[in-house]
2 protein chains.
Amino acid sequence: MNSSKSNIKKQVSEPTLRRLPVYLYFLEKVREDGIINISAPTIGKNLKCDSTQVVKDLAVTGIKGKPRVGYNTYELIHALEDYLGFNRTNEAFLVGTGNLGSALMAYQENQSLGIKIIAAFDTNEKKIGTHVGNIHVLEYKKLFHLAERLNVKIGIITTPNEVAQDVAEDLMNCGVKAIWNFTATILDLPGKIIVQNTSLSTSVAVMLRRLNDSEKITN
Amino acid sequence: MNSSKSNIKKQVSEPTLRRLPVYLYFLEKVREDGIINISAPTIGKNLKCDSTQVVKDLAVTGIKGKPRVGYNTYELIHALEDYLGFNRTNEAFLVGTGNLGSALMAYQENQSLGIKIIAAFDTNEKKIGTHVGNIHVLEYKKLFHLAERLNVKIGIITTPNEVAQDVAEDLMNCGVKAIWNFTATILDLPGKIIVQNTSLSTSVAVMLRRLNDSEKITN
DNA sequence: ATTAATTAAAGAAATATTTCCTTAATAGCG
DNA sequence: CGCTATTAAGGAAATATTTCTTTAATTAAT
């Protein structure tokens, strides 16, 4: 369940990486209010986390804050977007246009997700030929053909669990380097392929357990 | 960004909790194959993680494995479902029936998510009165009225970011104890309210960054 | 029955992550 | 112009998490 290690310079930790978009969204909100500079303690107070952690997290972008002033909001937003790759067009293929797949396609049209789904694939004949927004649902077989022309690095799997492994291998063979996996299947792929598992059950599990814990405590 | 601490017995760590549904899904697959007993090393090999970790994770359920035999698949599945609360009907309200909200409603009809959305709310008049599967979309105002009768503990927020805080407070005032927050807003609520943040941007951020890292390494 | 191999469990060590502490910088204020 | 309060940065300590090691149990094979 772990990722490989870089030999050039050590990878930024996952907890830190997961916090960066949170800072980014907060800073965007702050910028709208016309705030030019913001300090780590202020960010920490708003986001309910330690100011030291804020400083260390933001340090990965290379941006330096000024003592007594804090960080330049605009500069920091840019650096975060750049670091996270949100300012590039990260093109992606999506496989499996069920509820979740369709939702992701529709969702990214409004909400900026950081990636742009350029084509969706399905084996269900009823789905093929339809489109969500301006993304067309193509026959799954065409994945290989399309991948030749377009140099897509990211694949999204929103298929039933049973076919996830096969789809993942196909995507890999089409040149995909990173897979966003919404199924409950643990994909067995070479270590060089980045796999991001986003199973909804995982979140539910944590929440339900915490709820259960809290109910047992007499407040 | 942290949760409160139990004073009765120490909480199970989040990494462990996040792995439990992964074991559960794997075991369900294994059970279908008619396998009665399975060892931690076998689970570890399949899920690509350390066998010691498997043993420690599964220990939280209270199930004991037998040396030289492993765990009883059936017993373990039951214990995990019970521990995670997946075998209970965890009723939930959903607020915000946009793309993501609708998808969640449709999704849970097929895929067992561990929770059951019993009513959805929106302020958009075009949405009110419609239904996804057999879940009706109701006027947001009716949340308070409905909450009086039904004792719903879980709230799901799939609204635009701007209104998330207000919705969260309303849900809390309606007796909701746990909130599954899909927005990028960091909710400011009393510590006793369980908040599970599932921002899609977070996953994308981690994936894009790892992809970027891997491209810089000469394999 | 005895032995050998496998395995879970419990504890120790290693690693990762967060929090704390000190230092140096600097802008605002007198 | 110097002092003070605030702050980022860097390193140290504390905590959390994972991995390693040892031990004891138990089943299968002889």
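The notes below deal with the structure included here. (Residues numbered from 1 in each chain as written. Chains lettered and ligands numbered in written order. Predicted model: local features only at pLDDT ≥ 70, side-chain atom pairs only at ≥ 80, totals over all residues. Heavy atoms only, no water.)

Taken together, the neighbourhood of DNA strand D is formed by 25 residues, with Ala 40, Lys 56 and Arg 68 of chain A together with Arg 19 and Thr 52 of chain B sitting nearest. The sugar-phosphate portion of DNA strand D accounts for 67% of its atoms within 4 Å of the protein, the bases making up the rest. In this structure, a base nitrogen belonging to DNA strand D sits 3.0 Å away from a side-chain N or O atom of Arg 68 of chain A. Between a phosphate oxygen of DNA strand D and a side-chain N or O atom of Tyr 71 of chain A, the distance comes to 3.1 Å. Of the residues belonging to the surface near DNA strand D, the class tally is eight nonpolar, eight polar and nine charged. (Near = heavy atom within 4 Å. Polar contact = N/O pair within 3.5 Å; in protein donor to acceptor, adjacent residues only side chain to side chain. Nonpolar A, V, L, I, M, F, W, Y, C, P; charged D, E, K, R; others polar.)

Time to look at the protein's contact with DNA strand C. Every one of the 25 residues lining DNA strand C counts as a neighbour, but Arg 19, Thr 52 and Lys 56 of chain A together with Ala 40 and Lys 56 of chain B are closest to it. Counting only the atoms of DNA strand C that lie within 4 Å of the protein, the sugar and phosphate share comes to 67%. A distance of 3.0 Å is found between a base oxygen of DNA strand C and a side-chain nitrogen or oxygen belonging to Lys 56 of chain A. Taken together, the elements giving at least two residues each to the surface near DNA strand C come down to α1 (14-32) and α3 (51-59) of chain A together with α2 (40-47) and α3 (51-59) of chain B. Here the residues of the surface near DNA strand C sort into eight nonpolar, eight polar and nine charged. (Helix = DSSP H or I, 4+ residues; strand = E, 2+ residues; numbered from the N terminus.)

Glancing now at the sheet that holds strand β3 (residues 91-95) of chain B. Residues and elements named next belong to chain B. Spatially, seven strands are ordered β5-β6-β4-β3-β7-β8-β9 in an open sheet, and the strand pairing comes out mixed. Strands at the two margins of the open sheet, each flanked by one partner only, are β5 (131-132) and β9 (194-197). Pairing of strand β8 (residues 178-181) with β9 involves four bridges; the strand directions are parallel. Paired with Ala 178 across the bridge in β9 is Ile 194. Strands in contact with helix α7 (residues 164-173) are β3, β7 (154-157) and β8; relative to β7, the strand with the most contacts, it is inclined by about 165 degrees. (Pairing = 2+ DSSP bridges. Contact = heavy atoms within 4.5 Å. Axes fitted to C-alpha atoms, helices over the stretch in contact; angles between N-to-C directions.)

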